[in-house]
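Structural characterization, general
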Amino acid sequence: EWVMLINKADRELFDEDVAMLTSHIAGPIEFDWQQLRQLAGEDAGFEAELLTIFLQDTENSLRELEGAIAAQNAETVEQVAHSLRGSSANVGASALAAVAFQLEQMARRGDLSSANMLLQKLNQQCRSIRAYFQTMR
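Notes on the structure in this doc start here.

So, how was this worked out
- Residues numbered from 1 in each chain as written.
- Predicted model: local features only at pLDDT ≥ 70, side-chain atom pairs only at ≥ 80, totals over all residues.
- Heavy atoms only, no water.
- Axes fitted to C-alpha atoms, helices over the stretch in contact; angles between N-to-C directions.
- Helix = DSSP H or I, 4+ residues; strand = E, 2+ residues; numbered from the N terminus.
- Parallel < 35°, antiparallel > 145°, perpendicular 65-115°, else oblique.
- Left-handed = near helix turned anticlockwise from the far one by under 90°.
- Contact = heavy atoms within 4.5 Å.
- Expected span 1.5 Å × (residues − 1).
- Buried < 20%, exposed > 50% of the residue type's maximum accessible area, 1.4 Å probe, protein only.
- Polar contact = N/O pair within 3.5 Å; in protein donor to acceptor, adjacent residues only side chain to side chain.
- Core = buried A, V, L, I, M, F, W, Y, C linked by side-chain atoms within 4.5 Å.

A separate point is the packing of helix α3 (residues 44-70) against helix α6 (residues 115-136). As a packed pair, α3 and α6 sit with axes 11 Å apart at the nearest point and diverge in direction by 160°. The orientation of α3 with respect to α6, classified from their angle, is roughly antiparallel. Here the hand of the crossing between α3 and α6 comes out left-handed. The segment α3 lies against α6, with A48, L51, T52, L55, Q56, T58, E59, L62, L65, E66 and I69 engaging A115, N116, L119, L122, N123, C126, I129, R130 and F133.

This is the structure in structure tokens:
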């Protein structure tokens, strides 16, 4: 297991990036539906299929994160959060990606002190996306 040291300048840049990425998290849902439409090639059926798969995968990742946080396994938290960040960004779930990024960076530093709070935010974002998606069907 390795620990990444962040010097003061890197830490300040990281804090600015997190602030920029998380400044919009407070809203009930932040999702770039146009990005999902483009990813699906403007095919509504494929769009629904992609979002369904994304939500299932996300729920699996959230369960995995819950276990890793409970076990204080920062390496697994980092890996799962990284994967979740990428998949979220790909489909347009920008708020979810921002929280996953924050969790990933904290875990990279070996700091899981706020991990449960961030996991709650991730769960809320996932529930919000699912609820909104179900109303659109």
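With that settled, the discussion passes to α3. The terminal C-alpha atoms of α3 lie 39 Å apart, and with 27 residues this matches the ideal 39 Å at 1.5 Å per residue to within 8%. All buried positions along α3 are accounted for by E47, L50, L51, F54, L55, T58, S61, L62, L65, A68 and I69. In this structure, the buried residues of α3 make contact with α2 (33-39), α4 (74-91), α5 (94-108) and α6. Regarding α3, its N-cap is D43, as a side-chain oxygen of that residue lies 3.0 Å from the backbone nitrogen of G45 further along. Taken from the residues just after α3, Q72 is the one with a positive phi, measuring 55°.

On to the nonpolar core, then. Ranked by size, the top nonpolar core spans 33 residues in total, and within it F31, L51, L65, V77, L103 and L122 carry the most contacts. Considering every element that reaches this core, the biggest residue donor is α3, with eight residues. When sequence neighbours within four positions are dropped, the list of residues in contact with L65 reads V77, V80, A81, L84, L103, L119 and L122.

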